[in-house]
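The residues making up each chain are set out below.
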Amino acid sequence: TVLVPENDTAPAMNTATCKVCGFALQKPVGIKNGTCGENVYWTLDSNGKLTVYGTGRMTDYRLENYPDSTSPFFDLTGIKSLVIKTGVTSVGDYAFFRQSALTALTLPNILTAIGTEAFGSCVALETLRLPGSLQTIGTQAFACCDGLTSLTIPAGVTLLIPFDSANTMYTTQARNTGTYTTPT
């Protein structure tokens, strides 16, 4: 699925009234939801669409100390599409690691960074075009994305992904043999 920057707002919200104080509260519509940054939130709907919205950077995660430092999406299965809304400026380290059902990805045109192994082992991704606002791509951000055959990286990006002399993206298992367009 081709990555096209999206220009829209936060997901649908349900409004409820607090029984104690009477304030109106808003909660994203979805089967699961939570936070993934200081001012960044997420909601997952019943069709497998994960929406990340808010302002600022996503949290950087690690794989050690499970589950305390892992991404809130680490144990979620069935995420088929991911939409990161305008306002979110980075994708955190290991944020979507091992989301093997992820086939569609939409990034905002203000995204400046993709963290280390942010999309590592997302084996169903095939074609990606990253937004022109991107400045850095973390080490192995797309490692072991075995289905990835086309990745277009905008000019001006600081690549932290190793490429070999044939312009083939490095993965830890060296399975990818597709063509990758890199800055000149």
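Read on for a plain summary of the structure. (Residues numbered from 1 in each chain as written. Predicted model: local features only at pLDDT ≥ 70, side-chain atom pairs only at ≥ 80, totals over all residues. Heavy atoms only, no water.)

**Observations regarding the pairing of strand β8 (residues 88-91)**
Every regular strand shows the same layout, with side chains that alternate between the two sheet faces.
Argument step 1. With two bridges joining them, strand β6 (residues 56-57) and β8 adopt parallel strand pairing. Considered in β8, the bridge of Gly56 is made with Val88.
Argument step 2. For β8 and strand β10 (residues 113-114), the ladder comprises two bridges, and the chain directions are parallel. In the sheet register, Ser90 faces β10, and the bridge partner there is Ala113. (Pairing = 2+ DSSP bridges. Helix = DSSP H or I, 4+ residues; strand = E, 2+ residues; numbered from the N terminus.)

**Some remarks on the environment of Ser100**
Argument step 1. By the element assignment, Ser100 lies in the loop between β8 and β9 (104-106).
Argument step 2. Of the residues examined, Ser100 reaches a relative accessible area of 46% and is grouped as partly exposed.
Argument step 3. Along the backbone, Ser100 and Thr77 are 23 residues apart, and their C-alpha atoms lie at a distance of 8.1 Å. (Buried < 20%, exposed > 50% of the residue type's maximum accessible area, 1.4 Å probe, protein only.)

**Observations concerning the sheet that holds strand β5 (residues 49-54)**
Think of a sheet as strands paired side by side through backbone hydrogen bonds, with each pair either parallel or antiparallel.
Argument step 1. Reading across the sheet, the five strands line up as β3-β4-β5-β7-β9 and stay open at both edges, with mixed pairing between neighbours. Each having just a single partner strand, β3 (32-35) and β9 make up the two edges of the open sheet. Taking each pair of neighbouring strands and ignoring which way they run, the sheet shows an average axis angle of 10°.
Argument step 2. Bridge analysis of strand β7 (residues 81-84) against β9 gives three bridges, and the strand direction is parallel. In the sheet register, Val83 faces β9, and the bridge partner there is Thr106. (Axes fitted to C-alpha atoms, helices over the stretch in contact; angles between N-to-C directions.)

**Some points on the packing of aromatic side chains**
Argument step 1. Following the criterion strictly, the structure yields six aromatic pairs and no others.
Argument step 2. Taking the centre distance of 5.7 Å and the plane angle of 70° together, the rings of Tyr94 and Phe97 count as edge-to-face. Each member of the pair, Tyr94 together with Phe97, is buried.
Argument step 3. Between Phe119 and Phe142, the aromatic rings sit 5.7 Å apart at their centres with planes inclined by 5°, giving stacked as the arrangement. (Phe/Tyr/Trp six-rings, centres within 6.5 Å; stacked < 30°, edge-to-face > 60°.)

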